[in-house]
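# Summary of structural features
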Amino acid sequence: MAMLWKFMRVAKYSKTTLSPKVKVRGIPAHSRHSSSKSVPSDFAASAPCSHTVELLGKTYPQDDYSNVTEKILSKVGKNLHNRKHHPLWLIKEQVKDHFYKHYIGRRGTPLFSVYDGLSPVVTVQQNFDSLLIPENHASRRKEDNYYLNHDHMLRAHTSAHQWDLIHSGLDAFLAVGDVYRRDTIDNTHYPVFHQMEGVRLFSCHELFSNIKDGEGLQLFEQGHRTAHKQECHTMEAVRLVEFNLKQVLTKLMTHIFGDGLQVRWVDCYFPFTHPSFEMEINFQGEWMEVLGCGVMEQQLVNS
């Protein structure tokens, strides 16, 4: 059983990119936990020729799906989140240090590993299929994404790496990266922005070990999907994961913004979590969304 959250965006998705009921949103200096190295900006990309695009040392054939522009290609590989003392780097380090300090594994090492150098070029399968996003979903449109070709694209969210990281055996991790959406530029939108994502998987023992008389509680059942849980999860398990998820994220936001923070939770929908929530904080008298999160779809974990 797993929980997922996404935060740290420097721009929002366009309100017109997704159907009203669907919001595909996002929801980590090199550390000893990093899985790969960042790509230097001078090795980022060359201008596309008539038939191929060269990007991050690889060549991609163009087809009728290719729509990435030279301007966007010039942004790939800048890795602002890994540039020491850059504001994005400072936020990343603040979040990373918080998790390292407060969440310790059984061997006394940090529970969460951090990945901030994963390639922004992903497959369509990684970006959509692995997250249970239907083939006819509006978020796949060429008008909303940067495609290198029919099979490869610039990631639209850090969730594109979720399946691979879980499949590698990880059960708690943070992933940071630049993401790309075809947005009209204004004071809250830019085609390149950044996300940080967290995932944690729970075993039955981990979830119920501190619960009085928790030996008889179970993660799974053969039930029915409701507005509050998936058909395969027990209500007890969902409530505990939801409580843990919201507690972790409230502590994190208090760490970033300070004590006295006003927080509220809003029910929402994501294709890859259920139930799903957005956290809003009160900023200058208005409620502002800072992250999306939820209980990961068990089908995704099982796959």
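Everything numeric in this text was worked out from a predicted model, so none of it was measured. (Residues numbered from 1 in each chain as written. Predicted model: local features only at pLDDT ≥ 70, side-chain atom pairs only at ≥ 80, totals over all residues. Heavy atoms only, no water.)

### Observations regarding the overall build of the protein
Looking only at helices and strands, one finds seven helices and 11 strands in the protein. Put simply, the protein has 303 residues, and 50% of those count as buried. Surface exposure of the protein reaches about 14800 Å², of which carbon and sulfur atoms provide 51%. (Helix = DSSP H or I, 4+ residues; strand = E, 2+ residues; numbered from the N terminus. Buried < 20%, exposed > 50% of the residue type's maximum accessible area, 1.4 Å probe, protein only. Areas by Shrake-Rupley, 256 points an atom, 1.4 Å probe, with all protein chains shown as cover.)

### Quick word on the pattern of salt bridges
In the structure shown here, the tally under the stated rule is 14 salt bridges. For E197, the salt bridge identified is with K6, shortest N-O distance 3.9 Å. Like K6, E197 is buried. Each of K92, E93, K96 and D116 takes part in salt bridges that share partners, so that together they form one network. (Salt bridge = Lys/Arg side-chain N within 4 Å of Asp/Glu carboxyl O.)

### Things to note about the pairing of strand β11 (residues 286-296)
The buried fraction of β11 is high, at eight of 11 residues. Two elements, strand β10 (residues 273-283) and β11, share nine bridges in a ladder whose sense is antiparallel. Looking at β11, one finds that T273 is bridged to M296. Between the antiparallel neighbours β10 and β11 lie two residues, among them Q284 with a positive phi of about 55 degrees. (Pairing = 2+ DSSP bridges.)

### Brief notes about the sheet that holds β10
Pairing is mixed in the open sheet, where seven strands are placed in the order β4-β7-β8-β1-β11-β10-β9. Looking at strand neighbours, the two that pair on one side only are β4 (113-115) and β9 (263-270), the edges of this open sheet. The sheet shows a mean angle of 25 degrees between the axes of neighbouring strands, direction not considered. Here β9 pairs with β10 via seven bridges, running antiparallel. Of the residues in β10, the one forming a bridge with C268 is S276. The strands that helix α2 (residues 87-102) touches are β1 (2-7), β4, β7 (172-180) and β8 (192-201); relative to β8, the one it contacts most, it runs at about 10 degrees. Across the sheet, helix α6 (residues 235-257) is in contact with β1, β8, β9, β10 and β11; its angle to β1 comes to roughly 25 degrees. (Axes fitted to C-alpha atoms, helices over the stretch in contact; angles between N-to-C directions. Contact = heavy atoms within 4.5 Å.)

### Points about the confidence of the model for the protein
Averaged over every residue, the pLDDT of the protein is 87; the share at 70 or more is 86%. Ignoring residues within four places in sequence, the model shows residues 9-49, a span with pLDDT below 50, making 141 contacts including any to other chains. (pLDDT = per-residue confidence, 0-100.)

### A few points about the packing of aromatic side chains
Counting across every chain of the model gives seven aromatic pairs. Pairing Y103 with F112 gives two aromatic rings, centres 6.0 Å apart and planes at 80 degrees, and the pair type is edge-to-face. We classify F112 as buried; its relative accessible area is 3%. Members of the aromatic cluster, each reached through a chain of ring pairs, are W5, F99, Y103 and F112. Here the basic side chain of K142 rests over the ring of Y65, its NZ or CZ set 5.3 Å away from the ring centre. Directly above the ring of F277 sits K246, whose terminal nitrogen or CZ lies 4.1 Å from the centroid. (Phe/Tyr/Trp six-rings, centres within 6.5 Å; stacked < 30°, edge-to-face > 60°. Lys NZ or Arg CZ within 6 Å of the ring centre and 35° of its normal.)

### Digging into the environment of C232
Inspection of the secondary structure puts C232 in the loop between α5 (204-208) and α6. Excluding residues that lie within four positions of it along the chain, C232 makes contacts with L219, F220, E221 and Q298.

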